[in-house]
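Residues per chain, in single letters:
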Amino acid sequence: MFIVANWKMNGKFSDIQQFTNIVDYIKEKNTVKLVLCLPTTLLYYASIKLTQINNKNSFLGAQDSHWQESGAYTGDISAKMVYECGARYVILGHSERRKYHCESNAIIAKKVQIALNENLKTIICVGENLNEKANATEIIKSQLKEILVDISENKIKEGYITIAYEPIWAIGTGKIPLNSEIEKVFKTIKNLLKDMYGTFLTRNIKIIYGGSVNKENAQELINISDLNGLLIGGASLKIETFMPLINIV
Ligand code: PGA
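Overview of the structure. Source: prediction; values computed, not measured.

Quick look at the overall build of the protein
Logical step 1: Check the secondary structure of the protein and you find 10 helices and 8 strands.
Logical step 2: In terms of overall dimensions, the protein has a C-alpha envelope of 45 × 45 × 35 Å along the principal axes.
Logical step 3: For the protein, the residues scored as buried account for 51% of the 249 residues in total.
Logical step 4: For the protein, the proportion of contacts with a sequence separation of at least 24, taken over those separated by at least 6, is 74%.
Logical step 5: One finds the centroid of the 29 positive side-chain charges in the protein at a distance of 3 Å from the centroid of its 25 negative side-chain charges.

Looking at the packing of helix α6 (residues 136-147) against helix α8 (residues 179-202)
Logical step 1: Closest axis-to-axis distance for the α6/α8 pair is 10 Å, and the angle between their directions is 35 degrees. In the crossing of α6 with α8, the sense of the turn from one axis to the other is right-handed. Two secondary-structure elements touch here, α6 through Thr-137, Ile-140, Lys-141, Leu-144 and Lys-145 and α8 through Lys-184, Val-185, Thr-188, Ile-189 and Leu-192.
Logical step 2: A breakdown of the residues in the contact of α6 with α8 according to their chemical character gives 5 nonpolar, 2 polar and 3 charged.

A look at the sheet that holds strand β7 (residues 206-210)
Logical step 1: Spatially, 8 strands are ordered β1-β2-β3-β4-β5-β6-β7-β8 in a closed barrel, and the strand pairing comes out parallel. Each strand axis lies, on average, 25 degrees off the axis of its neighbour in the sheet, ignoring direction.
Logical step 2: Taken together, the 5 bridges between strand β1 (residues 2-6) and strand β2 (residues 33-37) define a ladder with parallel strand orientation. The residue bridging Phe-2 from the neighbouring strand is Lys-33, located in β2.
Logical step 3: Packed on one face of the sheet, α6 meets β5 (121-126) and β6 (161-165) and runs near 145 degrees to β5.
Logical step 4: Here helix α10 (residues 239-248) sits on the sheet in contact with β1, β2 and β8 (229-232), set at roughly 165 degrees to β1.

Criteria and cut-off values
- Residues numbered from 1 in each chain as written.
- Predicted model: local features only at pLDDT ≥ 70, side-chain atom pairs only at ≥ 80, totals over all residues.
- Heavy atoms only, no water.
- Helix = DSSP H or I, 4+ residues; strand = E, 2+ residues; numbered from the N terminus.
- Buried < 20%, exposed > 50% of the residue type's maximum accessible area, 1.4 Å probe, protein only.
- Contact = heavy atoms within 4.5 Å.
- Lys, Arg positive; Asp, Glu negative; His and termini not counted.
- Charge placed at Lys NZ, Arg CZ, Asp CG, Glu CD.
- Axes fitted to C-alpha atoms, helices over the stretch in contact; angles between N-to-C directions.
- Left-handed = near helix turned anticlockwise from the far one by under 90°.
- Nonpolar A, V, L, I, M, F, W, Y, C, P; charged D, E, K, R; others polar.
- Pairing = 2+ DSSP bridges.

As structure tokens, this is what we get:
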């Protein structure tokens, strides 16, 4: 099971040490693969710490990377830069980026291409807002169709694509959909991917759920059929809330 921690704009250098303890703890547990998506400022330091532990099941991720390779984009960070800092994954199209940075599906599609070119594995976020809830499957289908443009078969085969279903109304609110609702969306995603890439290639694309995952609801969530992992925001920030989640998974 894949666990992606999204620290968002939180975390200090001094927080890394306790998380390296978790990495050390899961070292022998082959069932868990951990991706720590840290603020960019912490990536290089964390990568040095992680190298010392030498854990094959834990990776670093960034929370965004740019839609161009390089250039005059003051304040932005390229895919090459985050790779150089030690990230091997990147979250793209998170709803907070869409909202606060006006990211469209077209921009996210470009970011995916550049990230893949730089050998970053992409965690592509899709999800509906509360008003769109009744129409969730259609919204998600159209998001994916616009984002997954010209993806190379090789990158799919090598596991470079993960789809994170994150209903916007569930992020940071403590509310989550019923398992049956998540299963319905997952089925829609799987069917769309099968139409686009065929059954064989689709097996290499992970589908994960995110939005208010915590130690109280994780046990129930992991029963969802087709679930390959969880994307965890708030509950990944502290050892006391994150460790029980790791143990459940
Ligand atoms: P949350 O965030 O777990 O705090 O709801 C999830 C996310 O935004 O990725």
